[in-house]
Amino acid sequence: MTTTHLELTGVDIEFPTPSGPFKALDNVNLKIKKGEYISLIGHSGCGKSTVLNIVAGLYQATKGGVLLDGKEVNEPGPERAVVFQNHSLLPWLTAYENVELAVNQVFKGKKSKAEMKAWIEHNLELVHMTHAMHKRPDEISGGMKQRVGIARALAMEPKVLLMDEPFGALDALTRAHLQDSLMEIQNELNNTVIMITHDVDEAVLLSDRIVMMTNGPEATVGEILEIDLPRPRNRIELADDPQYNHYRAAVLSFLYEKQRKPEEGGAAKPAKEKKLAQDVQDTPEIAAVSAEETTESADKVKAA
Amino acid sequence: MSHSSTNLFSPVLAIFQSENPGAALLNFVKQLVMPVIGILVFLLIWDIGAKNIHTSLGTFPGPVQVYEQTIGLIDEHQAERQKEQAFYERQEKRNAKKLAKNPDAKVKIRPYTGKPTFFDQIGTSLVTVLAGFVLASLIAIPAGIMIGLNQPLYSALNPLIQLFKPVSPLAWLPLVTMVVSALYVSKDPMFAKSFITSLVTVSLCCLWPTLLNTAVGVSAISKDLQNVSQVLRLSFMTHVIKIVLPSSIPMMFTGLRLSLGIAWMVLIAAEMLAQNPGLGKFVWDEFQNGSSNSLGRIMVAVLVIGLIGFMLDRIMLLIQKKVSWDKTAVLR
C-alpha cells in the first residue's frame, strides 16, 4: 500500500488565448496511493477541474505528465471513470441503459450477457437505485441522477474514480444522503478517488487527504492536509469531534486567510464566497452541535 | 388534463370534469369554435368575391361550384375505373374463347391506356414526392452528420450549401431533364423518365433544410456528452448511433418537416412546367383545356394540394412524436 498508484509530476498547462498563452497550472505534483480518497479544494478558477481533466485524459498537460501504475496517461479511458458535476446521463436512455452502455463498452467479451445484467443491477443496487432503474433521467430527481452517474462510473471498475463536484448542484440534505452512500460504497470497494469540491465539510468528512490549491493563474498545490480520522465516519459524531473541527479550521484558514481572493477577483465571483460562508453557518443545522467552533471559524472568515 | 390539442374530445371532456365549467367551456369555444368561425367567414368572403370576378372562362368559382366539381371529379374517376374493368373483362373473355379453340394459343393482356383521372394524378404526385423526399433524406442526414462532426468539412461545404439552397426548382428543371435524358438510357426502364426528372428536381431542392438542420443539431451536442463518449472510448459508429443521432433528432426533424413542405411545393411546380404526370400536370391541362369547368377544377386541385401538404406535415409530426425521446417537449 505504500507504492504510488497515480502520480502527477511537474504538470503545467497553458491554454492559447487571443492575447497569448494563459498558464492555468504551474508545476503540480501529487502522489496518490491505491485506495486513497483525495479531495481537491480551492477557490473557483484555481484549476481544480483542469487537474481532474488532465488525469481523465480530456486535457493534455503542456509540460510534465500523469502516470497511472507506471503507464503514461494521454487519452481518456474507462479505467479513469469520471462522475460529472451535472450527471451527464444520456437523456434518451433509462438509468439501466445508461449503465449498460458503459458496461458493454468495458466488459464486452469478458462477461456473458447474464453476468453483465447482474453487474449492472449490482451497481444500481450499490447506489440504491434499483426501484427506478427503468426510468429516464427526466423522470427522476437531481440526487437520483447523480446516483446513476456514480453507478455508471463504478460499473466501469475504474482504477481511479474522478469526481468533479459530484454533489455541487444538489441541496444540502440530498448532498448529505449521497455523501453517506458514497462512504458506504467506499467502505466496501475501497476505490482510489479524486474528488473536487467547494464544500469544506464534505472534504473533511470523505477524504484521506485534502489537497488545497493556490489561486490561479499559475495555480499549484498549496498545502496537503492528512485527515487522520477513523473510518467508518459518522457526520453527527464528528460534528462534536475537536480533531474534525481542527481539520475544518485548517482548510478554512487556508482558503480565507492564506489564499484569500483579491478584491477584484472576489467581486467577480461573489456567489461562491457567499456559499462557503453560508456552509460555515449552516453547519449547526445539519449537525445540531458544535456551535462554538463554528462561530469561531465564522469569525475567522469575518476577520479575514 | 392532457396538453395535446390534437385530441378533439379533450376540451369536451374537460367541460364535464372541470370544477370550473365556465372556464372549460370558454376553452372549448377557443379550441374548436373559433376555427370553424374562421372557415365560415372565409367561405362567405370567397363566395361574395367570386361572384364579382368575371374571367374569359366565366365567373370565378365559388364554394358551391368547387363542391360540384369535386363531385364531378369523383364521378369521372369511378366511370374511368368501370371502363377499365370492362376493358380487362373483354380481354379475358376473348382470351378464354381463344384458349377454348386452341389450348396452345398465346394470350396477352394489354394494359389499359385511358386518361389518368384526378385521383390517379394525386397518387402519382404522392409517390413522386415521397420518393424524392426519401432520396433527399438518405443523402442529407448522413451528409449533415458528417458535416456537423467535422468543422473543417463544414467550412469547406458551407459556401456551396448557401449557394445552392435558394435555387428555384424551375431553374434546375431544364438541366435535370437534359441530364436524365442523357444518362438514364435503358431499353426497359424500371421508372419513367418523367418520374426520374421530377424525383431528382424535388430531391435537389428539398435536401438543404435537412442537411443544414442536421449539421447544426450534430454540432450542438453538449460538451458533457462528448466527454462521456470519450471516457467510455466509444467507437465512431457507437458514438454516432448512441449519442449523435438521438441528441440531434429534434433539429433533424425540424429540417425534415421543412424539407417535406418544400418537396411538395417544388413537385407541383416541376410537374406543371415539365408536363410530368401528377397534380401539377392536372392543373396545367385544365388551364389549357379552358372549359367552363376548368377554373372550378383547378380550385379543387388547389384545395387538395393544400390539404395533402397539411396532412404530410401532420404525419411527420406523428413520426417525430414517436421517435422523440423527450416526451415533455411541446411539438407542434
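What you see is a predicted model; the values in this text were computed from it and never measured. (Residues numbered from 1 in each chain as written. Chains lettered and ligands numbered in written order. Predicted model: local features only at pLDDT ≥ 70, side-chain atom pairs only at ≥ 80, totals over all residues. Heavy atoms only, no water.)

Caption draft 1: Highlighting the sheet that holds strand β5 (residues 71-72) of chain A. Residue and element names in this part refer to chain A. The 4 strands lie next to each other as β2-β1-β4-β5, forming an open sheet whose pairing is antiparallel. If you trace the sheet from one side to the other, it starts and ends with β2 (20-33) and β5, each paired once. Inspection of the sheet shows strand β1 (residues 4-17) paired to β2 by 10 bridges, in the antiparallel sense. Looking across to β2, one finds that Ile-13 is bridged to Leu-25. Across the face of the sheet, helix α1 (residues 48-56) comes into contact with β1, β2 and β4 (63-68) while running at roughly 115° to β1. (Pairing = 2+ DSSP bridges. Helix = DSSP H or I, 4+ residues; strand = E, 2+ residues; numbered from the N terminus. Contact = heavy atoms within 4.5 Å. Axes fitted to C-alpha atoms, helices over the stretch in contact; angles between N-to-C directions.)

Caption draft 2: Structural context of the side chain of Asn245(A). With respect to the helices, strands and loops of the structure, Asn245(A) is situated in helix α8 (residues 242-258). Here Ala239(A) takes part through its backbone oxygen, which lies 3.1 Å from a polar atom of the side chain of Asn245(A). (Polar contact = N/O pair within 3.5 Å; in protein donor to acceptor, adjacent residues only side chain to side chain.)

Caption draft 3: Fine view of the pattern of salt bridges. Residues and elements named next belong to chain A. Counted according to the given criterion, the structure contains 22 salt bridges over all chains. In this structure, the salt-bridge partner of Lys-23 is Asp-26, at a minimum N-O distance of 3.1 Å. Asp-208 serves as the salt-bridge partner of Arg-231, at 2.9 Å between the closest nitrogen and oxygen. With Arg-231 in the loop between β10 (221-226) and α7 (235-239) and Asp-208 in the loop between α6 (200-206) and β9 (209-213), the pair connects residues that are 23 residues apart, well separated along the chain. Relative accessible area serves as the criterion here: at 34%, Arg-231 is assigned to the partly exposed category. (Salt bridge = Lys/Arg side-chain N within 4 Å of Asp/Glu carboxyl O. Buried < 20%, exposed > 50% of the residue type's maximum accessible area, 1.4 Å probe, protein only.)

Caption draft 4: Quick peek at the domain arrangement of chain B. Taken domain by domain, chain B comprises domain 1 (2-52) and domain 2 (118-323). Each of domain 1 of chain B and domain 2 of chain B was reduced to a C-alpha centroid, and the two centroids are 34 Å apart. (Domains from an automatic or database assignment.)

Caption draft 5: Summary view of the packing of helix α9 (residues 236-274) of chain B against helix α10 (residues 279-289) of chain B. All names here are of chain B. Packing of α9 against α10 leaves a shortest axis separation of 7 Å and a crossing angle of 45°. Taken together, the axis directions place α9 and α10 in an arrangement best described as oblique. Both α9 and α10 take part in a crossing whose hand is right-handed. Touching Trp-264, Ile-268, Glu-271 and Met-272 of α9 are Leu-279, Gly-280, Lys-281, Val-283 and Trp-284, all from α10. (Parallel < 35°, antiparallel > 145°, perpendicular 65-115°, else oblique. Left-handed = near helix turned anticlockwise from the far one by under 90°.)

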